[in-house]
Amino acid sequence: MPETPATMPEDADLRPGDVESRPGSPDSPSNDADTSALAVLRAPQTARVLAASLLGRIPLGAAPLALLIFARETMTLTVAGLLVGAYTAGMAVGQPMLARVADRWRQPPVLWLAMIVSSLGFALAAAHVNLPVTVLAAAIAGAGAPPFESCLRVLWRDLLPAHQVQTAYTLDIAVQEAIFVLGPVVTLAAVGLAGPTGGLAAAALFQAVGTAWFATSDAVRRWRGEPAVRHWAGPLRSGRLRLILAALLLVGAGVGSVTVAATGYAEASGARSWAGWLLAAQATGALAGGLLYVRFASLRRHATLPRATAVFAAGYLPLLLTPAPPAMLALMAISGLALPPLLTIAFVAIDEVAPPGTVAEAFAWAATAFSVGSAAGAAVNGVLLDASGQVTVGFLIAPLAAATATGLLVLFRGRTR
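Bear in mind that the values here come from a model prediction, so they are computed numbers and not experimental data.

Draft legend 1. Looking closely at the overall build of the protein chain. Looking only at helices and strands, the protein chain has 19 helices and zero strands in total. Buried residues in the protein chain amount to 58% of all 417 residues. Long-range contacts, defined here as pairs at least 24 residues apart, represent 83% of the contacts in the protein chain between residues at least 6 apart.

As structure tokens, this is what we get:
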């Protein structure tokens, strides 16, 4: 019979975020010499699949800003937020379904088909037939986004020894922040060269190149899903996984809201291009936070998911000051520091609590929870900013959502089995 939370083995009853150093675990002191980022990157195939997946994920950082800039040529900030929400909501629906198929079969056919569908969505959005079609096209572009995150993370256990897997998760999340540094820069450069539709074209191009490089690697072509008893709910039958997903949804709402808030702040400052630099500064801070988390094992040993969400919430509070743009760049960088450690802790916990044969889908649900939250945060914040006209209001959602996630994790920490 399908495994239920009540029958899960006692060893798997690890509370979300309670990642501690245990004998033989990835963080065990005896393995420190073998768990460096360089050791992971030197393993066969790891550098290629990591780089290819990052290239294919450039649209995650480029598409939201590209849609905002494209929409703001003729539409209100509310409609621009709606397009971003449609794209991220499309990803929320598409990622788990695509990952479920990959979990049960193979990755390359899923990745190729997804890329084609997403590219068609970007092309239809750029055509701007009318508002309903444009919103639908943005949703299609998101729904077809290839599931690079989940496909990559299930490869680590095949490519690396057990004691290096957590380092691979952390490295992936840390380096992934380059997406949100390069994405806005790519969008701004493409818009400067080709106009408002240039950002959409660039997102589709990077996605296609990344898919080709990733899907043709030996590691991806060899991988097969793990045989297991299947259940209609997949990994969602795990109560502890649902708790982690709820926290990630709230964290995503905070991150998504800041994308729109930064655009509103930039417009109020008199230069819309500041939005891209503000988001790039936040991603740079996140990159630094991730690299520090890789470097210092003591941070990993004492980290828990409730603590990480609390620090994440605190990092967003200074944005409420909305100072001049140069100072705002520094505050945005600070706000990004805690996100990679938070996601690393969440992914380690997800890997432990996901039922057998559903790990890729579990990772996809994590991306979905984050995307749904991001879509909701972007859409709600667009309405709030248009209604209030106050830039500061736009930066309220992030700390409030993260504080709620912290409370949720603390409240149910010992009750979910």
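There is more to say after this.
Draft legend 2. Structural view of the packing of aromatic side chains. Taken as a whole and assessed by the stated rule, the structure comprises five aromatic pairs. Ring geometry for Tyr-169 versus Phe-363: centroids 5.8 Å apart, planes at 65 degrees, classification edge-to-face. With Tyr-169 in helix 9 (residues 165-194) and Phe-363 in helix 18 (residues 359-388), the pair connects residues that are 194 residues apart, well separated along the chain. Take Tyr-169 and Phe-363: they sit in the same class, and that class is buried. Taking 5.7 Å as the distance between ring centres and 75 degrees as the angle between the ring planes, the aromatic pair formed by Phe-347 and Phe-363 counts as edge-to-face. With Phe-347 in helix 17 (residues 339-353) and Phe-363 in helix 18, this pair connects stretches of sequence that are 16 residues apart. Accessibility assignment for this pair places Phe-347 and Phe-363 in one class, buried. Here the aromatic residues Tyr-169, Phe-347 and Phe-363 are joined through ring pairs into a cluster of three or more.

Draft legend 3. Region of the structure containing a nonpolar patch on the surface. Side chains of Leu-292, Phe-296 and Leu-299 sit close together on the surface and give an oily, nonpolar patch of about 260 Å² of accessible area. Residue placement: Phe-296 occurs in the loop between helix 13 (274-295) and helix 14 (297-301). According to the relative accessible area criterion, Phe-296 is partly exposed, its value standing at 39%.

Draft legend 4. Focus on the nonpolar core. Formed by 114 residues in total, the largest nonpolar core has its most connected members in Val-49, Trp-156, Phe-214, Leu-248, Phe-312, Met-332 and Ile-350. Broken down by element, the residue count for this core peaks at 14 residues, all from helix 12 (residues 239-268). Each residue touching Phe-214, except ones within four places of it in the same chain, is listed here: Val-49, Ala-52, Ser-53, Gln-107, Leu-111, Phe-148, Cys-151, Leu-152, Leu-155 and Val-220. Residues Leu-65, Ile-69, Ala-266 and Ala-275 belong to the second largest nonpolar core, which totals five residues.

Draft legend 5. Spatial organisation of unusual backbone geometry. Look at His-128: it is not a glycine, yet its phi comes out positive at around 50 degrees. The residue Thr-322 is not glycine, and still its phi comes out positive at about 40 degrees. Mapped onto the secondary structure, Thr-322 falls in the loop between helix 15 (305-316) and helix 16 (325-336).

Draft legend 6. Region of interest: the pattern of salt bridges. For the coordinates displayed, the defined rule picks out six salt bridges. Between Arg-57 and Asp-172 there is a salt bridge, with its nearest N and O atoms 3.1 Å apart. Taken as a pair, Arg-57 in the loop between helix 2 (46-56) and helix 3 (58-72) and Asp-172 in helix 9 lie far apart in primary sequence, 115 residues in all. Of the two residues, Arg-57 and Asp-172, both sit in the buried class. Residue Arg-153 pairs with Asp-172 through a salt bridge whose shortest N-O separation is 2.8 Å. Of the two residues, Arg-153 is situated in helix 7 (residues 148-153) and Asp-172 in helix 9; the sequence distance between them amounts to 19 residues. We note that Arg-153, like Asp-172, is buried. Overlapping salt bridges bring together Arg-57, Glu-149, Arg-153 and Asp-172 as one network.

Draft legend 7. Quick look at helix 18. Taking 1.5 Å per residue, 30 residues should reach 44 Å; helix 18 reaches 43 Å between its end C-alpha atoms and fits that length. The positive-phi residue at the C-terminal boundary of helix 18 is Gly-389, with phi of around 70 degrees.

Draft legend 8. Structural view of the environment of Pro-146. For Pro-146, the location among the structural elements is in the loop between helix 6 (131-143) and helix 7. In contact with Pro-146, other than residues within four places in its own chain, are Gln-95, Leu-111, Ala-114, Met-115, Gln-207 and Thr-211.

Draft legend 9. Structural detail: the packing of helix 3 against helix 9. Across the interface, helix 3 lies against helix 9 with an axial gap of 7 Å and an inter-helix angle of 40 degrees. Between helix 3 and helix 9, the interaxial angle falls into the category oblique. Helix-helix and strand crossings are classified by hand; for helix 3 and helix 9 the assignment is right-handed. In contact with Ile-58, Leu-60, Gly-61, Ala-62, Leu-65, Ala-66 and Ile-69 of helix 3, helix 9 contributes Ile-179, Phe-180, Leu-182, Gly-183, Pro-184, Thr-187, Leu-188 and Val-191. When the residues that make up the contact of helix 3 with helix 9 are grouped by side-chain class, the tally is twelve nonpolar, three polar and no charged.

Draft legend 10. The arrangement of the packing of helix 4 (residues 77-104) against helix 18 in detail. The contact between helix 4 and helix 18 brings their axes to 8 Å, and the two run at 170 degrees. Taken together, helix 4 and helix 18 sit at an angle that is classed as roughly antiparallel. Here the contact of helix 4 with helix 18 is built from residues that sort into 18 nonpolar, nine polar and four charged.

Draft legend 11. Up close: the side chain of Gln-282. Relative to the helices and strands, Gln-282 resides in helix 13. According to the relative accessible area criterion, Gln-282 is buried, its value standing at 10%. Among the polar contacts listed, one links the side chain of Gln-282 to the side chain of Tyr-316, at a separation of 2.9 Å.

Rules and cut-offs
- Residues numbered from 1 in each chain as written.
- Predicted model: local features only at pLDDT ≥ 70, side-chain atom pairs only at ≥ 80, totals over all residues.
- Heavy atoms only, no water.
- Helix = DSSP H or I, 4+ residues; strand = E, 2+ residues; numbered from the N terminus.
- Buried < 20%, exposed > 50% of the residue type's maximum accessible area, 1.4 Å probe, protein only.
- Contact = heavy atoms within 4.5 Å.
- Phe/Tyr/Trp six-rings, centres within 6.5 Å; stacked < 30°, edge-to-face > 60°.
- Patch = residues over 30% accessible without salt bridge, like charges linked within 9 Å, V, L, I, M, F, W, Y side chains within 5 Å.
- Areas by Shrake-Rupley, 256 points an atom, 1.4 Å probe, with all protein chains shown as cover.
- Salt bridge = Lys/Arg side-chain N within 4 Å of Asp/Glu carboxyl O.
- Core = buried A, V, L, I, M, F, W, Y, C linked by side-chain atoms within 4.5 Å.
- Expected span 1.5 Å × (residues − 1).
- Axes fitted to C-alpha atoms, helices over the stretch in contact; angles between N-to-C directions.
- Parallel < 35°, antiparallel > 145°, perpendicular 65-115°, else oblique.
- Left-handed = near helix turned anticlockwise from the far one by under 90°.
- Nonpolar A, V, L, I, M, F, W, Y, C, P; charged D, E, K, R; others polar.
- Polar contact = N/O pair within 3.5 Å; in protein donor to acceptor, adjacent residues only side chain to side chain.

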